[in-house]
Each structure stands twice: as C-alpha cells, then as structure tokens.
Amino acid sequence: MSQNTGKGRTLIAAIGDEDTITGLLLAGIGDIDAHQRANFMVVTSKTTQEQIEETFTSFTQRKDIAIILINQHIAEYIRGILDEYSAAFPTVLEIPSKDHPYDPSKDSVLKRVQLLFGE
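Residues numbered from 1 in each chain as written. Predicted model: local features only at pLDDT ≥ 70, side-chain atom pairs only at ≥ 80, totals over all residues. Heavy atoms only, no water.

### Examining the packing of aromatic side chains
Now for step 1: Going through the model one piece at a time under the given rule, you end up with one aromatic pair.
Now for step 2: With a centroid separation of 5.6 Å and 80 degrees between ring planes, the pair formed by Phe56 and Tyr85 is classed as edge-to-face. Separated by 29 residues along the polypeptide, Phe56 in helix H2 (residues 49–61) and Tyr85 in the loop between helix H4 (79–84) and strand E4 (91–95) bring together distant segments of the chain. The same class applies to Phe56 and to Tyr85, which are both buried. (Phe/Tyr/Trp six-rings, centres within 6.5 Å; stacked < 30°, edge-to-face > 60°. Helix = DSSP H or I, 4+ residues; strand = E, 2+ residues; numbered from the N terminus. Buried < 20%, exposed > 50% of the residue type's maximum accessible area, 1.4 Å probe, protein only.)

### Observations regarding the pairing of strand E1 (residues 11–16)
Now for step 1: Buried residues dominate E1, accounting for five of its six residues.
Now for step 2: Strand direction decides the pairing type here: E1 and strand E3 (residues 65–71), joined by five bridges, are parallel. Within the sheet, the bridge partner assigned to Ile12 lies in E3 and is Ile67.
Now for step 3: The sheet contact formed by E1 and strand E2 (residues 40–42) spans three bridges and is parallel. Bridge pairing links Gly16 to Val42 in E2.
Now for step 4: Assessed by its sense of winding, the connection that carries the chain from E1 through helix H1 (residues 18–26) to E2 is right-handed. (Pairing = 2+ DSSP bridges. Right-handed = clockwise from strand over helix to strand, strands pointing away.)

### Quick notes on H2
Now for step 1: The end-to-end C-alpha separation of H2 is 19 Å, in line with the 18 Å expected for 13 residues at 1.5 Å each.
Now for step 2: Turning to H2, its buried residues are Ile52, Thr55, Phe56, Phe59 and Thr60. On an axial view of H2, the arc spanned by its buried residues comes to 135 degrees, and they lie on one face. For H2, the exposed residues lying more than 90 degrees away from the buried face are Glu54 and Gln61.
Now for step 3: Check the buried side of H2 and you find it contacts E1, E2, E3, helix H3 (72–75), H4 and E4. (Expected span 1.5 Å × (residues − 1). Arc of directions from axis to C-beta. Contact = heavy atoms within 4.5 Å.)

### What to know about the pattern of salt bridges
Now for step 1: Under the defined criterion, the tally for this structure stands at six salt bridges.
Now for step 2: With a shortest N-O distance of 2.6 Å, Arg37 and Asp33 are connected by a salt bridge.
Now for step 3: When its relative accessible area of 13% is taken as the criterion, Asp33 is described as buried.
Now for step 4: Between Asp33 and Arg62 there is a salt bridge, with its nearest N and O atoms 3.8 Å apart. (Salt bridge = Lys/Arg side-chain N within 4 Å of Asp/Glu carboxyl O.)

### Details of the nonpolar core
Now for step 1: Counting residues in each nonpolar core, the largest one holds 17 residues, and the members touching the most others are Ile15, Ile52, Phe56, Ile68, Ile70 and Val92.
Now for step 2: Counting only elements with at least two residues in this core, the list comes to E1, H2, E3 and H3.
Now for step 3: Residues contacting Ile15, with those up to four places away along its chain left out, are Ile21, Met41, Val43, Ile52, Thr55, Phe56, Phe59, Leu69, Ile70, Asn71 and Ile74.
Now for step 4: Of all hydrophobic cores here, the second largest spans five residues; its members include Ile21, Leu24, Ile29 and Leu69. (Core = buried A, V, L, I, M, F, W, Y, C linked by side-chain atoms within 4.5 Å.)

### Section: the environment of Ile15
Now for step 1: Looking at the element boundaries, Ile15 is found in strand E1.
Now for step 2: Residue classification places Ile15 among the buried positions, given a relative accessible area of 1%.
Now for step 3: Sequence separation between Ile15 and Ile32 is 17 residues; the distance between their C-alpha atoms is 15 Å.

Here it is as structure tokens:
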C-alpha cells in the first residue's frame, strides 16, 4: 500500500491577484526550480480560465509543493476542478484578497469538513 505523505514537499505555491502574489513573494515563498517553473501565478484580467486550470494542475502534480494557496475569487473560475480535487498533498487553501473578502459558503475544503461532521 502506497502512502501519500508530504515527505519532500517543502514549497508553498500560490495563484492569485497581483497584490496577493506580491505580498507572498515579499514574505519569501517565491521559487523557480531547475526546470524554470515558478511556484506562483499572477492572475490578471488577461489571464484565461485555461491558464489558471493548467497552472493549478501542474502545481498538483509537482512533488515539491505541499500547499497551494489560491484567492477565493480566482478559485471560482476553476470551481469544478477544485471540488473534484481530493488529494491530501498538495493541500489547497482558498484565501481572501484585498478587494474580495472571504466567503465560507464557497470554500470547498470547509464544505468537505462540514459534510464530515454532518453539518
């Protein structure tokens, strides 16, 4: 039986608006690996849903990422993919942004926890 552990996963990845990513990079999460792949994506008005989906999928397949942070308003663009995602690692956390407050009713992780506890 294979165990899905977080061993070797040391990075936090982020998909967010410019303000969120700038803050996270200033906090020190930025990394570019040997294959020139960054662990962050800045989403602008010109970013397509397909680009967000591709980035999310690539982050979930990387073995060095432990956590994926995504702005909740950006997560809405790929809600179907997020709702189907069930792996323990990397863990996906939806976070608020400066212009979009956190809405617990939209958080897929919180919904799963509520189902687990019968709420």
